[in-house]
Amino acid sequence: MKMTLGKRMGERMGESFFVPFRFGVLIVLLFLVQEVFRIDLAFLGIFPMKIKFLHGVLFSPLIHGNVLHLISNLIPFLVLGTSLYFFYDKVADRVILQCYLFTNLIVWFAGRPYFHIGASGLVYGLAFFMISLGVFRGTVKSIIISFITIFLYGGIIYGVLPTEKKISWESHLAGTAVGIVSAFQVSRKRKISSF
């Protein structure tokens, strides 16, 4: 018996949510450890051009300063990450990895000299990937997804500019650049989705 479209879509949505959800659980668990044991984990962040804080390239997106910081990164990451795996599953792992690592490396090389923490660079990378892919690929599907992303997260464009001292606009700008470059790279692939 053939699976109904609704059931297939539901299963695909569940599969698409799996990777972002696991990452989200890790972020929340680290935040709870920080709060319950009153440990400041900011030392796991990126401190630019300091070799002893190079580990921040791997750990900084997992660390958040407060509940508002956590929620403002976690919810968009879950939405954008799930959308990425749902619509562009064949390139999703690559895009997540590039937005995660390259964004943080850029911040390590070019950020202001203080600890940069939080997943906002990754969020910016994913958002600008989804937006830019519509421009570079030009298919009806990618353009619609691009417009929906702009509708939901178009306001993040202002976060690329240096507005507040305590906000790492460098992470936002680096994520934006990596997202756009990633979109350009995968736009030339013939098949980026199995859906």
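None of the values given here were measured: they were computed from a predicted structure. (Residues numbered from 1 in each chain as written. Predicted model: local features only at pLDDT ≥ 70, side-chain atom pairs only at ≥ 80, totals over all residues. Heavy atoms only, no water.)

**Thoughts on the environment of Ser187**
No. 1: Among the structural elements, Ser187 can be located in helix 7 (residues 169-187).
No. 2: Separated by 49 residues in the primary sequence, Ser187 and Gly138 have C-alpha atoms spaced 8.9 Å apart.
No. 3: Non-local contacts of Ser187, meaning those with residues more than four positions away in its chain, are made with Leu133, Phe136 and Arg137.
No. 4: A distance of 2.7 Å separates the side chain of Ser187 from the backbone oxygen of Phe184, its partner in a polar contact. (Helix = DSSP H or I, 4+ residues; strand = E, 2+ residues; numbered from the N terminus. Contact = heavy atoms within 4.5 Å. Polar contact = N/O pair within 3.5 Å; in protein donor to acceptor, adjacent residues only side chain to side chain.)

**Brief notes about the side chain of His172**
No. 1: Here His172 is to be found in helix 7.
No. 2: Each residue touching His172, except ones within four places of it in the same chain, is listed here: Ser120, Tyr124, Gly159, Val160 and Ile167.

**Re the side chain of Ser16**
No. 1: Within the secondary structure, Ser16 is located in helix 1 (residues 5-36).
No. 2: Using a relative accessible area of 3% as the deciding quantity, one classes Ser16 as buried.
No. 3: Beyond its immediate stretch of four places on either side in the chain, Ser16 contacts Gly81, Thr82, Tyr85 and Phe86. (Buried < 20%, exposed > 50% of the residue type's maximum accessible area, 1.4 Å probe, protein only.)

**Concerning the nonpolar core**
No. 1: Membership of the largest hydrophobic core comes to 36 residues, with the highest contact counts inside it found for Leu84, Tyr88, Leu126 and Phe129.
No. 2: If one sorts the elements of this core by residue count, helix 5 (residues 120-137) sits on top with nine residues.
No. 3: Those residues in contact with Tyr88 that sit more than four places away from it in its chain are Ser83, Phe129, Met130, Leu133, Lys141, Ser142, Ile145, Ile192 and Ser193.
No. 4: Ile46, Val57, Trp108 and Ala174 belong to the second-largest nonpolar core, a separate cluster that totals five residues. (Core = buried A, V, L, I, M, F, W, Y, C linked by side-chain atoms within 4.5 Å.)

**Describing the pattern of salt bridges**
No. 1: The tally for this structure, following the rule as stated, stands at two salt bridges.
No. 2: Residue Asp89 pairs with Arg12 through a salt bridge whose shortest N-O separation is 3.1 Å. Of this pair, Asp89 sits in helix 4 (residues 89-110) while Arg12 sits in helix 1, and the two are 77 residues apart along the sequence.
No. 3: Judged by its relative accessible area of 25%, Asp89 is partly exposed.
No. 4: The class for Arg12 is buried, based on a relative accessible area of 13%.
No. 5: In this structure, Arg112 engages Glu170 in a salt bridge whose closest nitrogen and oxygen atoms are separated by 2.6 Å. Of the two residues, Arg112 sits in the loop between helix 4 and helix 5 while Glu170 sits in helix 7, which places them 58 residues apart along the sequence.
No. 6: Residue Glu170 is classed as buried on the basis of its relative accessible area of 7%. (Salt bridge = Lys/Arg side-chain N within 4 Å of Asp/Glu carboxyl O.)

Interpretation note: all reported values are geometric properties and have no functional meaning in isolation.
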